[in-house]
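Here's the letter readout for the chains.
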Amino acid sequence: MKVYRFLTGPDDASFCHRVTDALNKGWELAGSPTLSFNHATNTMYCGQPVVKTVHGKDYDPSMKLGEQ
């Protein structure tokens with residue numbers, strides 16, 4: 001089964017750590033990162049798609065994708 005996630009968060013070190021953690025757990029980058037600016041909070045946000053192939057499991061909509 002192939003699993004997809006879209007990681008998001010403020011453009012700071014914590015976001016980079018979340019992506020790094022996912023990469024070290026077997027996830028792979030699946031496209032370019034995105035940036036958006038929230039004028040109300042004056043904050044830049046990042047997004048990064050990641051995918052992972054999980055062998056021996058079938059997809060079920062109730063599964064927590066980040067735990068695969």
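Everything numeric in this text was worked out from a predicted model, so none of it was measured. (Residues numbered from 1 in each chain as written. Predicted model: local features only at pLDDT ≥ 70, side-chain atom pairs only at ≥ 80, totals over all residues. Heavy atoms only, no water.)

1. Some remarks on the UniProt feature "domain: DUF1737" (unreviewed entry) in the chain
Right, on to step 1. Feature annotation in UniProt assigns "domain: DUF1737" (unreviewed entry) to the following positions: residues 1-52.
Right, on to step 2. Regarding residues 1-52, the helix share stands at 23% and the strand share at 50%, and the terminal C-alpha atoms are separated by 8 Å. (UniProt positions renumbered as here; feature names shortened; annotations may be inferred. Helix = DSSP H or I, 4+ residues; strand = E, 2+ residues; numbered from the N terminus.)

2. Observations regarding the side chain of Gln48
Right, on to step 1. Within the secondary structure, Gln48 is located in strand β4 (residues 43-53).
Right, on to step 2. Judged by its relative accessible area of 6%, Gln48 is buried.
Right, on to step 3. A distance of 2.9 Å separates the side chain of Gln48 from the backbone oxygen of Gly31, its partner in a polar contact.
Right, on to step 4. With residues near it in sequence (within four places) discarded, Gln48 still touches Arg5, Phe6, Leu7, Phe15, Val19, Leu29, Ala30, Gly31, Ser32 and Pro33. (Buried < 20%, exposed > 50% of the residue type's maximum accessible area, 1.4 Å probe, protein only. Polar contact = N/O pair within 3.5 Å; in protein donor to acceptor, adjacent residues only side chain to side chain. Contact = heavy atoms within 4.5 Å.)

3. What to know about the packing of aromatic side chains
Right, on to step 1. Per the stated rule, a full pass over the model turns up zero aromatic pairs.
Right, on to step 2. In this structure, Arg5 is placed above the aromatic ring of Trp27, and the distance from its NZ or CZ to the ring centre is 5.0 Å. (Phe/Tyr/Trp six-rings, centres within 6.5 Å; stacked < 30°, edge-to-face > 60°. Lys NZ or Arg CZ within 6 Å of the ring centre and 35° of its normal.)

4. Observations regarding the pattern of salt bridges
Right, on to step 1. Under the definition given, this model contains one salt bridge.
Right, on to step 2. The partner of Lys25 in a salt bridge is Asp21, with the nearest N and O atoms 3.2 Å apart.
Right, on to step 3. Its relative accessible area of 38% is what places Asp21 among the partly exposed residues. (Salt bridge = Lys/Arg side-chain N within 4 Å of Asp/Glu carboxyl O.)

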